[in-house]
Amino acid sequence: MTDQKALIEILRLEPVEVNLFRGFSVDVGYDSRRIFGGQVIAQALMAAYKTIEGRACHSLHCYFMRPGDQRIPVLYEVERARDGHSFSTRRVIAIQNGEQIFNLSASFQMVEEGLEHQQDMPVVAAPEACAVRHRLNTVELRAVTAYDWANPKPSPPRQQTWFRADGDFGADIALNQAVLAYASDMSLLSTALLPHGVSWLASPLQMASLDHALWFHRPTDMSGWHLYDQDSPSASGARGFSRGSIFRQDGVLVASACQEGLIRVRR
């Protein structure tokens, strides 16, 4: 199975009952047991979309409650909280072994026109000029400025990364948003480590996503390059807070993200 098909397969949930869906996991290579957080966000969004017609997600907010086990399926229970004239709201609970591991609230809107503006995309090197950083399943990442995580040194809390998903995901808004949600969990929390000269590779460091939020501003095709401009304005209380702006290569701002995570240095 190709990487593209592998990602599409994990986003193609199995219906179990009304408002109840089953998802499966793949090993993305960074942990032999835990489910990658971006996968759970993407699957929960797809579960919500299975109860929506004619509307697109404009925002989602979620909490990670327990580590997910990639060796067993995840059940996604969707609550149809509200269907209004223009907006619909869904709540999704992810369950393993009878316990909640994650929950998500998402809002969907009918397509309509309105006022528009956006911030400018930073001027950075093109993805073709950047070294390949790594791959996570079907997603390729290229760092604008290389950072040596094996020998970290304190630096400003900002990093910029190009990413794209292999293959063609077509014009399906739900699928492209799910792939974007999947990718948005990559590298964001690590931005909060940069001022401290510590690495997520270090064994004394415990890191875990606590919550994640996404706002979808404009449609996009995830097979093209996107710039993830990330910064971390604060770290305190063994938590790091990071935020990111996601631009298409043509400069269009397509999404914004925020995340807080546990960053605990074991003594």
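Computed from a prediction, not measured in an experiment: that's the story for all the values here.

Participant: Explanation requested: the overall build of the chain in the structure shown.
Facilitator: The secondary structure content of the chain amounts to three helices and 13 strands. Here the C-alpha atoms of the chain give a radius of gyration of 18 Å, agreeing with the 18 Å that 2.2 N^0.38 yields for 267 residues. With the principal axes as the frame, the chain shows a C-alpha extent of 50 × 45 × 40 Å. Put simply, the chain has 267 residues, and 48% of those count as buried. Pairs at least 24 residues apart make up 69% of the contacts formed inside the chain by residues separated by at least 6 positions. Total accessible area on the chain is roughly 13,100 Å²; 51% of this is exposed by carbon and sulfur atoms.

Participant: Just to check I follow, could you spell out unusual backbone geometry for this structure?
Facilitator: Across the chain, the bulk of peptide bonds are trans and the bulk of non-glycine residues have phi less than zero. Within the chain, Asn97 stands out as a residue other than glycine whose phi angle is a positive 50°. With respect to the helices and strands, Asn97 occurs in the loop between β5 (87-96) and β6 (99-109). Classification of Asn97 by relative accessible area gives exposed; the value is 69%. Positive phi values are uncommon outside glycine, yet Ala238 reaches one of about 65°.

Participant: I tried to follow the packing of aromatic side chains on my own but got confused; where do I start?
Facilitator: Within a pair of aromatic rings, the relevant descriptors are the distance that separates the centres and the angle that separates the planes. Applying the stated rule across the entire model yields four aromatic pairs. Between Phe36 and Tyr182, the ring centres sit 5.1 Å apart and the planes meet at 75°, which makes this aromatic pair edge-to-face. With a gap of 146 residues between them, Phe36 in the loop between β2 (20-23) and α2 (37-49) and Tyr182 in helix α3 (residues 173-184) connect regions that are remote in the sequence. For the pair shown, Phe36 and Tyr182 are each scored as buried. Arranged with centres 5.0 Å apart and planes meeting at 80°, the rings of Tyr49 and Phe108 form a pair that is edge-to-face.

Participant: Would you take a moment to explain the side chain of Gln159 for this structure?
Facilitator: In this fold, Gln159 is placed in strand β9 (residues 158-165). Polar contacts involving the side chain of Gln159 include one to the side chain of Ser190, which spans 3.0 Å.

Participant: Explain α3 here, please?
Facilitator: Each full turn of the α-helix corresponds to 3.6 residues, which orients residues three or four apart in the same direction. Here α3 contains 12 residues, and its C-alpha end-to-end distance of 16 Å stays within 8% of the 16 Å for a straight helix at 1.5 Å per residue. Across the 12 residues that make up α3, a large majority, 11, are buried. Within α3, burial applies to Ala174, Leu175, Asn176, Gln177, Ala178, Val179, Leu180, Ala181, Tyr182, Ala183 and Ser184. With a side-chain oxygen lying 3.0 Å from the backbone nitrogen of Ala174, the N-terminal cap of α3 falls on Asp172.

Participant: Help me out: how do you make sense of α2 in this one?
Facilitator: For α2, with 13 residues, the first-to-last C-alpha span of 19 Å sits near the 18 Å given by 1.5 Å per residue. Counting buried positions along α2 gives 13 out of 13 residues, so the element sits mostly inside the fold.

Participant: Would you take a moment to explain the environment of Gly244 for this structure?
Facilitator: Relative to the assigned elements, Gly244 resides in strand β12 (residues 239-248). Judged by its relative accessible area of 5%, Gly244 is buried. C-alpha of Gly244 to C-alpha of Ala257: the two residues are 13 residues apart in sequence and 5.0 Å apart in space. With sequence-adjacent residues up to four places away left out, Gly244 is seen in contact with Leu188, Tyr228, Asp229, Gln230, Ala255, Ser256 and Ala257.

Analysis parameters
- Residues numbered from 1 in each chain as written.
- Predicted model: local features only at pLDDT ≥ 70, side-chain atom pairs only at ≥ 80, totals over all residues.
- Heavy atoms only, no water.
- Helix = DSSP H or I, 4+ residues; strand = E, 2+ residues; numbered from the N terminus.
- Rg over C-alpha atoms; globule rule 2.2 N^0.38 Å.
- Buried < 20%, exposed > 50% of the residue type's maximum accessible area, 1.4 Å probe, protein only.
- Contact = heavy atoms within 4.5 Å.
- Areas by Shrake-Rupley, 256 points an atom, 1.4 Å probe, with all protein chains shown as cover.
- Phe/Tyr/Trp six-rings, centres within 6.5 Å; stacked < 30°, edge-to-face > 60°.
- Polar contact = N/O pair within 3.5 Å; in protein donor to acceptor, adjacent residues only side chain to side chain.
- Expected span 1.5 Å × (residues − 1).

These figures capture arrangement, not role.
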